[in-house]
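Read off the chains here:
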Number of protein chains: 2
Amino acid sequence: MSSQNSRPGEFELIERYFAPLAGPGGLGLLDDAGLLRPGRGYEVVVTADALVAGVHFFPDDPPAAIGWKALAVNLSDLAAKGAKPEGFVLTIALPRDWTENWLKDFATGLGKLAEQAGCPLIGGDTVSTTGPLTLSITAFGMVPAGRMVRRVGAKPGDVVLVSGTIGDGALGLKVHGPDKPGWVAALDDGERSVLTDRYLHPQPRTVLAEALQRHASAAMDISDGLVGDLTKLLTASGVGAEIDLDAVPLSAPARAALMAVPALAELAWTGGDDYEILCTASRGDYSALSAAAAEHSVPLTAIGRIVPEAGVVRYSGKGGTRSFERGSFSHF
Amino acid sequence: MSSQNSRPGEFELIERYFAPLAGPGGLGLLDDAGLLRPGRGYEVVVTADALVAGVHFFPDDPPAAIGWKALAVNLSDLAAKGAKPEGFVLTIALPRDWTENWLKDFATGLGKLAEQAGCPLIGGDTVSTTGPLTLSITAFGMVPAGRMVRRVGAKPGDVVLVSGTIGDGALGLKVHGPDKPGWVAALDDGERSVLTDRYLHPQPRTVLAEALQRHASAAMDISDGLVGDLTKLLTASGVGAEIDLDAVPLSAPARAALMAVPALAELAWTGGDDYEILCTASRGDYSALSAAAAEHSVPLTAIGRIVPEAGVVRYSGKGGTRSFERGSFSHF
């Protein structure tokens, strides 16, 4: 019997690897549809991300990390919208050479974050493809009616804030990828491992959701690079911003990389895969938001302020003022 | 300038082809998340289906038909669950050689059904792939709390019913596909065209949703073949059934095909792509359900009854009793 012939069929596969992710309260994936039960006065925030092997991750990345990240990028969106995770659906197109071990590890990584976030799998679809492994997750979160934090809403005078540190994901991709640039050798093992981990295992800022919902005037998660995503938020809100690039928070490993190659600052500011929160808040709400973030031990750093001129972003720092040619990661 | 270089980027593409599908009430795809607002006392039914070019449709199928069908298969699930369509998200992985014309026609077909069903696009993601075009749609419908029709719920004595006619999709696939069997020549142009259309443009039975929600004891849509899907429903409900194969409703073109090759009955009963409703109802509810279906001009045909023996299905017909080796379309 070939190993291919001994692979489980669709229903065994769901039973073995996906049903355990459904959580105790759900329908156990026994039906052909999932169910969301918003509490009275709540609305459902919906977000979707697709990931393709060879485009969004390396085909030989640890499967558990792929599973973790596929859900993490969606939970990051929900957090930015002020929503509490409630469940997700997964569609997965398996390539010809999939193995049961791969799928088992994938489900383990996915399930770990699903459990940590209290976000069960409520449905999905498993199909085959002649192409690379393709994942699509749609995730659901709850917000009090009318309280979803949007991109629209930033007002002149608002403070511009980011959570955590910026650039680790983009630098981590270089450290992790097959073509390592020279500067990677300038980092020590610990620094390399922190950056790689930030790329492979982004931590969605779910703990900030409630504070954002209460205090942010606008928010989005940073997935395509700070500079590009800021432009999207400003465009939606019809305002501009003044940003102090020196204030953009960097991790110790990122600072070590920039010490080796100062030009990497560009990558940190424009690269993707941060999965941090970019938000704005009025001066009055700023302190309440900061206090709530501190309570959850999440750094929240002011990097600038909103100005009235629509679409104008003035970046300044030690190097004087500057602009960015290429704002954002483009998907094709 | 090559035609590839002149293709729109992600944001132009959303603006040109997907934003018009968002409907007047939505956020216009301007945010990074969609929003569902269930009325008080309502729950959200969630269903997801992935479709891969070369697996679920022919790569050179009319793009408008691909768009239509991608949504139709999800709306069919919602109808079976008794849910009124409310919105959907689309993730699409575009192959290297995608063209703007393809995408335009795809969005037209998708939008036609979205408008007809009152089911706007509320979000999604557009990425690139080195493999075949891959679509994933997650669709949402509303039901009064606790009223989602499940696979669980069929009881001994219940009538087993199917909507419309069975087998047209599977026969239509043969008529439409590149390797046409001999019997296709025995059909006239009109018959061929009806079957092809049933394969390319399934009509989700959305009009039955409310009646199912009120009167069905269990339901699912038939996507993987009547015989296999019936087994799933019976297994979930822990019951068996007696089915009269002669009662299974066939369209005139399907009857013409079976006249040419009687063995095609097997394909009609076990082939997929019906997107009709399979449901059960108590004798008391049966007449109310039939009356509601008649009101919407949807044929609903009794094909058997539920028996207590779990997992046992007795098929009978002119040819005596029989069983099925291969119950259902397997996805890999």
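It should be emphasised that the depicted structure is a prediction, and the values quoted were computed from it without experimental measurement.

Rules and cut-offs
- Residues numbered from 1 in each chain as written.
- Chains lettered and ligands numbered in written order.
- Predicted model: local features only at pLDDT ≥ 70, side-chain atom pairs only at ≥ 80, totals over all residues.
- Helix = DSSP H or I, 4+ residues; strand = E, 2+ residues; numbered from the N terminus.
- Rg over C-alpha atoms; globule rule 2.2 N^0.38 Å.
- Contact = placed C-beta atoms within 7 Å.
- Pairing = 2+ DSSP bridges.
- Axes fitted to C-alpha atoms, helices over the stretch in contact; angles between N-to-C directions.
- Domains from an automatic or database assignment.
- Nonpolar A, V, L, I, M, F, W, Y, C, P; charged D, E, K, R; others polar.
- Least-squares fit on C-alpha atoms with pLDDT ≥ 70 in both.
- Buried ≥ 20, exposed ≤ 12 C-beta atoms within 10 Å, placed from the backbone.
- Right-handed = clockwise from strand over helix to strand, strands pointing away.

Turning to the overall build of chain A, a few remarks are in order. Helix and strand counts for chain A come out as ten helices and twelve strands. Here the C-alpha atoms of chain A give a radius of gyration of 21 Å, agreeing with the 20 Å that 2.2 N^0.38 yields for 332 residues. Dimensions of chain A, computed from the C-alpha atoms along their principal axes, are close to 65 × 55 × 35 Å. Within chain A, counting contacts between residues at least 6 apart in sequence, those at least 24 apart form 89% of the total.

Once that is clear, we can look at the sheet that holds strand S6 (residues 159–163) of chain B. Residues and elements named next belong to chain B. The strand order across the open sheet built from seven strands is S7-S9-S6-S10-S8-S11-S12, with neighbouring strands paired in mixed fashion. On the outer flanks of this sheet lie strand S7 (218–222) and strand S12 (320–322), each paired with one strand and no other. If you compare each strand with its neighbour and ignore which way they point, the axes differ by 25 degrees on average. Two strands pair when backbone bridges link them, and S6 and strand S10 (residues 300–307) are joined in this way by five bridges, in the antiparallel orientation. Residue pairing in the sheet places Val159 in a bridge with Arg305 of S10. On top of the sheet, helix H2 (residues 63–80) reaches S7 and strand S9 (276–281); it is set at about 165 degrees to S7, its chief contact.

Attention now moves to the domain arrangement of chain A. Residue and element names in this part refer to chain A. For chain A, the assigned domains read domain 1 (10–144) and domain 2 (159–322). Computed over C-alpha atoms only, the centres of domain 1 and domain 2 are separated by 26 Å. Listed as interface residues are 18 residues of domain 1 and, on the opposing side, 16 residues of domain 2. Those elements that place two or more of their residues in the side of domain 1 that touches domain 2 are helix H2 (63–80) and strand S3 (84–94). Element by element, the count of residues in the side of domain 1 that touches domain 2 is highest for H2, at eleven residues. Residue composition of the side of domain 1 that touches domain 2, grouped by class: twelve nonpolar, two polar and four charged.

Under the fitted operation, chain B is carried onto chain A by 0.0 Å of movement along the axis and a turn of 180 degrees, and the coordinates agree to an RMSD of 0.0 Å. In the structure described here, the two chain copies are related by an operation that fits a two-fold rotation axis. Taking C-alpha positions as the reference, the residue of chain B nearest the rotation axis is Gly131 of chain B, at 2.0 Å. When the interface residues of chain B are mapped onto chain A, 100% of them again lie at the interface, so the same face is used by both copies.

Our focus in this paragraph is the pairing of strand S3 (residues 84–94) of chain B. Residues and elements named next belong to chain B. When you tally the buried positions in S3, you get ten out of eleven residues, the bulk of the element. Taken together, the nine bridges between S3 and strand S5 (residues 134–144) define a ladder with antiparallel strand orientation. By the bridge assignment for S5, Gly87 is matched with Phe140. The sheet contact formed by S3 and strand S4 (residues 121–128) spans seven bridges and is parallel. Bridge pairing in S4 places Val89 opposite Gly123. In the classification by handedness, the crossover that spans S3, the intervening helix H3 (residues 100–117) and the parallel S4 is right-handed.

Here we take up the pairing of strand S9 (residues 276–281) of chain A. All names here are of chain A. The buried fraction of S9 amounts to six of the six residues, a majority that puts the element mostly inside the structure. Along S9, one buried face is formed by Glu276, Leu278 and Thr280 and the opposite face, lined by Ile277, Cys279 and Ala281, is buried too. Note that strand S6 (residues 159–163) and S9 share four bridges and pair antiparallel. When the sheet's bridge partners are listed, Leu161 is paired in S9 with Cys279. In this sheet, S9 lies alongside strand S7 (residues 218–222) in antiparallel orientation, the contact comprising five bridges. For Ala219, the partnering residue across the bridge sits in S9 and is Cys279.

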